[in-house]
Amino acid sequence: MTHTIPPARTNCPKCGKTSDIVLMELPDDKSSIVSACCEALIPHLNEDAPVLIVDGHLVCPYGDCGAVGEIVELDVATRDNELSIDPDQPGVIKASLGDHSFEADGYECRKCTRSVTIPNGYEIERD
Ligand SMILES: [Zn+2]
Ligand SMILES: [Zn+2]
């Protein structure tokens with residue numbers, strides 16, 4: 001379902017023509033601002049758009065990028081690394097990789113570096 005948003009017009013990121021912009025309601029209660037001609041997501045009017053899943057690939061949702069397989073998770077890792085002295089190596093303090101936990105900090109497209117979100121119905125599983 002789409003709604004026209006008067007009176008703004010912008011350049012369509014996909015075909016480059018000046019286009020009306022419309023609000024497209026997504027199935028997960030979110031909505032995106034897209035061009036009326038191609039329904040291409042307009043980057044500067046949206047933030048954190050959900051990644052598109054196309055043929056089993058993660059696709060950048062922004063109309064002027066659309067990179068395939070370039071979505072990355074940004075995370076922060078906190079580790080407790082135990083320090084020890086090795087008697088055979090004077091002047092060296094060793095740090096062993098200890099327990100670590102990762103916390104997702106968000107997701108972005110590596111190509112256009114804009115932030116994206118994980119679509120509803122998907123969750124991240126780390127191996
Ligand atoms: Zn267009
Ligand atoms: Zn992108």
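For clarity, every value in this text was computed on a predicted model and none was experimentally measured.

Caption draft 1: Expanded view of the coordination of the zinc ion (ligand 2). With distances of 2.2 to 2.3 Å, the protein atoms coordinating the zinc ion (ligand 2) are Cys60 (SG), Cys65 (SG), Cys109 (SG) and Cys112 (SG). Relative to the metal, the four donor atoms surrounding the zinc ion (ligand 2) lie at angles of 104 to 113°, and the coordination shape comes out tetrahedral. Sequence spacing among the residues donating to the zinc ion (ligand 2) works out to C-x4-C-x43-C-x2-C. A residue pair is termed long-range when its members are at least 10 positions apart, and Cys60 in the loop between strand 6 (57–59) and strand 7 (71–79) and Cys112 in the loop between strand 10 (100–109) and strand 11 (115–117) qualify at 52 residues. With respect to burial, Cys60 and Cys112 carry one shared label: buried.

Caption draft 2: Geometry of the pattern of salt bridges. Under the counting rule described, the total for this entry stands at four salt bridges. Residue Asp20 pairs with Arg9 through a salt bridge whose shortest N-O separation is 2.8 Å. Here Asp20 is found in strand 2 (residues 18–25), whereas its partner Arg9 is found in strand 1 (residues 2–11), with 11 residues between them in sequence. For Asp20, a relative accessible area of 33% translates into the label partly exposed. On the basis of relative accessibility, which here comes to 52%, the residue Arg9 falls in the exposed class.

Caption draft 3: Structural view of the nonpolar core. Counting 15 residues, the largest nonpolar core has Cys60, Tyr62, Cys65, Ile71, Cys109, Cys112 and Val116 as the members making the most contacts within it. Mapped onto this core, the elements with two or more residues apiece are strand 2 and strand 10. Two domains share this core, each providing at least three of its residues, namely domain 1 (1–45) and domain 2 (47–120). Residues contacting Cys112, with those up to four places away along its chain left out, are Cys60, Tyr62 and Cys65.

Caption draft 4: Region of interest: the packing of aromatic side chains. Summed over the entire model, instances satisfying the criterion amount to zero aromatic pairs. The ring of Tyr62 has Arg114 lying over it, and the distance from NZ or CZ to the ring centre is 4.6 Å.

Caption draft 5: Local environment of the layout of surface pockets. In this model, the largest pocket occupies a volume close to 400 Å³. In this structure, the largest pocket is lined by 24 residues; those nearest its centre are Met24, Leu41, Pro50, Leu52 and Pro61. Secondary-structure elements contributing two or more residues to the lining of the largest pocket are strand 3 (31–35), strand 4 (49–50) and strand 5 (52–54).

Caption draft 6: Structural view of the domain arrangement of the chain. Taken as a whole, the chain is organised into domain 1 (1–45) and domain 2 (47–120). A separation of 30 Å is found between the C-alpha centroids of domain 1 and domain 2. If you look at the interface, domain 1 gives nine residues, while domain 2 gives 10 residues. Interface area for domain 1 against domain 2, summed over the two sides, is near 700 Å², with a carbon-plus-sulfur share of 61%. Taken together, domain 1 and domain 2 are joined by zero salt bridges. Put simply, domain 1 and domain 2 have one residue pair in polar contact (both at pLDDT 80 or more) between them.

Rules behind the numbers
Residues numbered from 1 in each chain as written. Chains lettered and ligands numbered in written order. Predicted model: local features only at pLDDT ≥ 70, side-chain atom pairs only at ≥ 80, totals over all residues. Heavy atoms only, no water. Donors = N, O, S within 2.8 Å, 3.2 Å for Na, K, Ca; no water. Tetrahedral: all angles 85-135°; square planar, octahedral: opposite > 155°, others 65-115°. Helix = DSSP H or I, 4+ residues; strand = E, 2+ residues; numbered from the N terminus. Buried < 20%, exposed > 50% of the residue type's maximum accessible area, 1.4 Å probe, protein only. Salt bridge = Lys/Arg side-chain N within 4 Å of Asp/Glu carboxyl O. Core = buried A, V, L, I, M, F, W, Y, C linked by side-chain atoms within 4.5 Å. Domains from an automatic or database assignment. Contact = heavy atoms within 4.5 Å. Phe/Tyr/Trp six-rings, centres within 6.5 Å; stacked < 30°, edge-to-face > 60°. Lys NZ or Arg CZ within 6 Å of the ring centre and 35° of its normal. 1 Å grid on protein atoms, 1.4 Å probe; cavity = no way out; pocket = protein on both sides within 12 Å on 5 of 7 lines; lining within 4 Å. Points joined across faces, edges and corners; volume = space filled by probe spheres on them. Buried area = accessible area lost by both parts, 1.4 Å probe. Polar contact = N/O pair within 3.5 Å; in protein donor to acceptor, adjacent residues only side chain to side chain.

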